[in-house]
Amino acid sequence: MLKKKIISITGTLGSGKSSTADLVAKKLGFKRFSAGDFTRKIALEMGISLNELSKKEEEDKSIDLRVDEELTKAGETEKSVIDARMAFHFIPNSFKVYLELPPEIAKGRILKNITENPLRQQSEDAKTPEEVYEKIIQRLNSEKKRYTEYYNIDHTDKTKFDLVINTNENSLEKVADTIVSSYKDWIAG
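Residues numbered from 1 in each chain as written. Predicted model: local features only at pLDDT ≥ 70, side-chain atom pairs only at ≥ 80, totals over all residues. Heavy atoms only, no water.

Enquirer: So, the overall build of the chain: which residues are in play, and what are the values?
Expert: Summing up its helical and strand segments, the chain has nine helices and five strands in all. The secondary structure elements of the chain, listed N-terminal to C-terminal, are β-α-β-α-α-α-β-α-β-α-α-α-β-α. Against the 2.2 N^0.38 benchmark of 16 Å for 189 residues, the chain shows a C-alpha radius of gyration of 16 Å, consistent with a compact globule. Projecting the C-alpha coordinates of the chain onto the three principal axes gives extents of approximately 45 × 35 × 25 Å. Only carbon and sulfur atoms are counted for the fraction: they give 50% of the accessible area of the chain, which is about 9400 Å². On the chain, the mean spot of the 32 positive side-chain charges and the mean spot of the 32 negative ones are 4 Å from each other. (Helix = DSSP H or I, 4+ residues; strand = E, 2+ residues; numbered from the N terminus. Rg over C-alpha atoms; globule rule 2.2 N^0.38 Å. Areas by Shrake-Rupley, 256 points an atom, 1.4 Å probe, with all protein chains shown as cover. Lys, Arg positive; Asp, Glu negative; His and termini not counted. Charge placed at Lys NZ, Arg CZ, Asp CG, Glu CD.)

Enquirer: An account of the confidence of the model for the chain is requested, with residue identities and associated values reported.
Expert: In regions of low pLDDT, the predicted coordinates are not meant to be interpreted in detail. Per-residue confidence for the chain gives a mean pLDDT of 89, with 93% of residues at or over 70. Taken element by element, the chain is modelled with least confidence in helix α7 (residues 118–123), mean pLDDT 54, and with most confidence in helix α9 (residues 172–188), mean pLDDT 98. (pLDDT = per-residue confidence, 0-100.)

Enquirer: Go over the nonpolar core, please, and point to the residues and values.
Expert: Formed by 24 residues in total, the largest nonpolar core has its most connected members in F33, L71, I82 and M86. The set of elements that each furnish at least two residues to this core consists of α2 (35–46), α3 (50–59), α4 (61–74), α5 (87–90) and α8 (129–151). Filtering out sequence-adjacent residues up to four positions away, I82 remains in contact with I6, I7, S8, I9, F33, L71, A74, G75, A87 and I91. (Core = buried A, V, L, I, M, F, W, Y, C linked by side-chain atoms within 4.5 Å. Buried < 20%, exposed > 50% of the residue type's maximum accessible area, 1.4 Å probe, protein only. Contact = heavy atoms within 4.5 Å.)

Below, the structure is given as structure tokens:
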């Protein structure tokens, strides 16, 4: 399979996918696409929260198909960093990265991001760490259900990735540098 100059980043909720993708893209001079931002915009268009959208997606595949279509378009552009739950599947010849972080730690990061990010404030309805944790588990279960049903894939199976990093044990800078270095080795190999 011909390798594409694309890095696809997925992982657990709150693991730092967006921040990492932004920094990796900057370090490499690559373009950037975020399926999470695109999905939040869909939720806002529909006037519902992200968790409500997740539940709706379980019954209406057209929403996931809309995201998949944008993801596929993004995968046509080389020199890109793509932050999307299913990028590894739709862009199989990309350098596939999985970021992991336990939900007990992720809830604090997500709550902080909700308070700082206007798009997240509008699309997410959690206000306490406990609510965030509950929403993380609900979304994870919804995604697992949908992706198994729609694609017969477990998007949390780390064996599908070229690189797995625990973001709790590494700074954002270290995570980005590790990805850039590993990507350069992969593309040269």
